[in-house]
Amino acid sequence: MTNVSNKLRSIFKLILLFSLIFIAGAGSKSLTREALEMQQALHALDKNPKSNTLQKKYLDKFPKNIRIFRKLFAQPDFSELYSGSYKYIFRLKDLAKNHPVIVGKILISISKDAHYEADSLAYLQSTLAEYIVNYTAHFVKLLKKYSKNDVSNLVKYLADVENHSAYEEYPIIIKNLNKLGEHELAKQFALERDKRKKIKH
């Protein structure tokens, strides 16, 4: 009986050991090179936020298309930089003060292929909306380089919110566009807003 008990204890200990090893391995999944470089760029900028060199390095490492953006910030298994993705995306708001054209190019190049989702894509949406409010002229100039389909998708992405009455940036965007004489683009924003309001959730 004692031998049986000892064997069971040994088996239990082995199961427990393998379980702990598996949990530790799953919890310490290493980052890809792109994610690690992005993380290092943010840490460096946090230590010296006024460094123009580090600002440009951060922008150089930031994703330039929706595929890489999703890979770093929107993995289905919450890996890579999913947790804390807002820190990386919202940093663009600060960097736009010194680098409005570069930040605008980044935001547009990603958002033209984006569709609204919670978390990182919601952070991207709000960052783009705030950028357009503060740098409308830059936005308009950059947008002229894109196709009608790209522009249409970007506007739909920006308009896709459940509560437009709480979306402070959107009417300001339309107002600013009209001030610049971009009446057709302003109408496009208004039309997508009206379409979105009719959708029930």
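Small disclaimer: the values here were computed from a predicted structure and weren't measured.

Student: For this particular structure, what's the right way to read the environment of Lys87?
Tutor: Structurally, Lys87 is set in helix H5 (residues 85–95). Beyond its immediate stretch of four places on either side in the chain, Lys87 contacts Leu42 and Tyr58.

Student: Explanation requested: helix H4 (residues 66–73) in the structure shown.
Tutor: It helps to recall that an α-helix has 3.6 residues per turn; residues three or four apart then point in one direction. Within H4, the full set of buried residues consists of Ile66, Ile68, Phe69, Leu72 and Phe73. End-on, the buried residues of H4 take up no more than an arc of 160°, which puts them together on one face. Packing partners of the buried residues in H4 comprise helix H2 (33–47), H5, helix H6 (100–111) and helix H7 (120–134). Sitting at the head of H4, Asn65 places a side-chain oxygen 3.1 Å from the backbone nitrogen of Arg67.

Student: Is there a simple way to explain the packing of H7 against helix H8 (residues 136–143) in this structure?
Tutor: Describing two packed helices takes the angle between their axes plus the distance from one axis to the other. One way to put it is that H7 packs onto H8 with a least axis distance of 5 Å and a crossing angle of 110°. It follows from the interaxial angle that H7 and H8 lie roughly perpendicular. Within the contact between the two elements, H7 uses Tyr131, Ile132, Val133 and Asn134 and H8 uses Thr136, His138, Phe139 and Leu142.

Student: Even after reading the chapter, I still don't get the confidence of the model for the protein chain, so can you show me in this structure?
Tutor: As a note on interpretation, predicted positions should not be read in detail where pLDDT is low. Counting all residues, the mean pLDDT for the protein chain is 90, and 85% of those residues have values of 70 or more. With pLDDT under 50 throughout, residues 16–28 is counted as low confidence; its partners more than four residues away or in other chains account for zero contacts.

Rules behind the numbers
Residues numbered from 1 in each chain as written. Predicted model: local features only at pLDDT ≥ 70, side-chain atom pairs only at ≥ 80, totals over all residues. Heavy atoms only, no water. Helix = DSSP H or I, 4+ residues; strand = E, 2+ residues; numbered from the N terminus. Contact = heavy atoms within 4.5 Å. Buried < 20%, exposed > 50% of the residue type's maximum accessible area, 1.4 Å probe, protein only. Arc of directions from axis to C-beta. Polar contact = N/O pair within 3.5 Å; in protein donor to acceptor, adjacent residues only side chain to side chain. Axes fitted to C-alpha atoms, helices over the stretch in contact; angles between N-to-C directions. Parallel < 35°, antiparallel > 145°, perpendicular 65-115°, else oblique. pLDDT = per-residue confidence, 0-100.

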